[in-house]
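As a plain string of letters, each chain reads:
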Amino acid sequence: MPLAFQSLSHGQVAFGFFNIETDMLLLDVHFFFADDLCRAVKEIGEGSAGPLSIDLAAYTLEPSRIGNLMGAIHGIDLRGFIGEVYGCYPFPREEEKFRQQPEGFRNRGVIEAIIGKYAGLKPIGITFDPQEGTVNIGGYIFDRKEFHRLILYVWAGGYPRWRDGLRPDYVMEMKRVIESSRSTLYTGLNFGMD
C-alpha cells in the first residue's frame, strides 16, 4: 500500500506499491517499476560528487485515469488503471496472503500492457543536488531524510512487506551499492536489522 511522504514541493504525496502482484510503484501521478528506481538509486550512488541527474522510465497519468485504490482493493470500483490491475490481480481473501510478492517483476508485461492504455512511457528525471541536499523525482522534491524513507520503503517491501522477508535481487543490489557509496546523499542511511 502506498504511504504518505512529505515532499518539499507538493506537501504530502503518496508513494509505494499499490498491488502485491506487481513491483510497480506510484509517486502521486508517476508510475514506474521498482527495479528501474533501484537502478537509478544505484547510479546516483556510483556517480560523481556533484549534481547528478538520471532518467527514470515512467508513465505519468492524468489523475482521473489513475482509479480508486480503496475501491479497487474492495472490488467495488475497477475503473482506471489501478482498477484494471485489480481486475487481473484481486486483493487476496486471506489476510495472511497480503504480502508484497518478490516475483512481482514477472508480471511486468501484463502491467505494461494495461498502463499503455492510460499513458505513454516518458522518462522523468531524478536529480540529486548535493548543495541543497535534495532529490527531485519528476518534479517532486524531497530532502535527504525523506528520500531515505522512500528507499527504506522499497527495501522493506512497503506495507505489508516482502513475503517471507524475501527481496528481489535488484533490491539487494541497491542496498549493496548504497552501503559502499561515498555519495553524501546516502550518509546516515541505515537499513537496520532484519
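This is a predicted model, so every value here is computed, not measured. (Residues numbered from 1 in each chain as written. Predicted model: local features only at pLDDT ≥ 70, side-chain atom pairs only at ≥ 80, totals over all residues. Heavy atoms only, no water.)

**What to know about the pairing of strand β2 (residues 11–17)**
Consideration 1: The pairing of strand β1 (residues 3–7) with β2 spans 5 bridges and is classified as antiparallel. Note that in β2 the partner of Q6 across the bridge is Q12.
Consideration 2: The loop that links β1 with its antiparallel partner β2 comprises 3 residues.
Consideration 3: As paired elements, β2 and strand β3 (residues 24–27) share 3 bridges and run antiparallel to each other. Bridge pairing in β3 places G16 opposite L26. (Pairing = 2+ DSSP bridges. Helix = DSSP H or I, 4+ residues; strand = E, 2+ residues; numbered from the N terminus.)

**Considering the nonpolar core**
Consideration 1: With 64 residues, the main nonpolar core has F15, F31, F81, I82 and F147 as its most contacted residues.
Consideration 2: Not counting the four nearest positions on each side in its chain, I82 is found in contact with F18, L26, F31, I66, L69 and A72. (Core = buried A, V, L, I, M, F, W, Y, C linked by side-chain atoms within 4.5 Å. Buried < 20%, exposed > 50% of the residue type's maximum accessible area, 1.4 Å probe, protein only. Contact = heavy atoms within 4.5 Å.)

**Regarding the side chain of K175**
Consideration 1: One can find K175 in helix α7 (residues 169–180).
Consideration 2: The class for K175 is buried, based on a relative accessible area of 18%.
Consideration 3: Ignoring any residue separated from it by four or fewer positions in sequence, one finds K175 in contact with W155 and F191.

**Brief notes about the sheet that holds strand β8 (residues 134–137)**
Consideration 1: Spatial strand order, β5-β7-β8-β9: 4 strands in an open sheet with antiparallel pairing. For this open sheet the edge positions go to β5 (52–56) and β9 (140–143), each flanked by a neighbour on one side alone. In this sheet, adjacent strand axes meet at a mean angle of 15° when their direction is disregarded.
Consideration 2: Pairing of strand β7 (residues 124–129) with β8 involves 4 bridges; the strand directions are antiparallel. Bridge pairing links F128 to V135 in β8.
Consideration 3: On top of the sheet, helix α6 (residues 144–156) reaches β8 and β9; it is set at about 105° to β9, its chief contact. (Axes fitted to C-alpha atoms, helices over the stretch in contact; angles between N-to-C directions.)

**What to know about the pattern of salt bridges**
Consideration 1: In the structure shown here, the tally under the stated rule is 12 salt bridges.
Consideration 2: Across the pair D36 and R108 runs a salt bridge whose closest N-O atoms are separated by 2.8 Å. Separated by 72 residues along the polypeptide, D36 in helix α1 (residues 34–46) and R108 in helix α5 (residues 108–115) bring together distant segments of the chain.
Consideration 3: For R39, the salt bridge goes to E43, with nearest N and O atoms at 2.6 Å. With R39 and E43 both in helix α1, this residue pair falls 4 residues apart, about one helical turn.
Consideration 4: Taken together, the shared-partner salt bridges in this structure form one network comprising D35, D36, R108 and E112. (Salt bridge = Lys/Arg side-chain N within 4 Å of Asp/Glu carboxyl O.)

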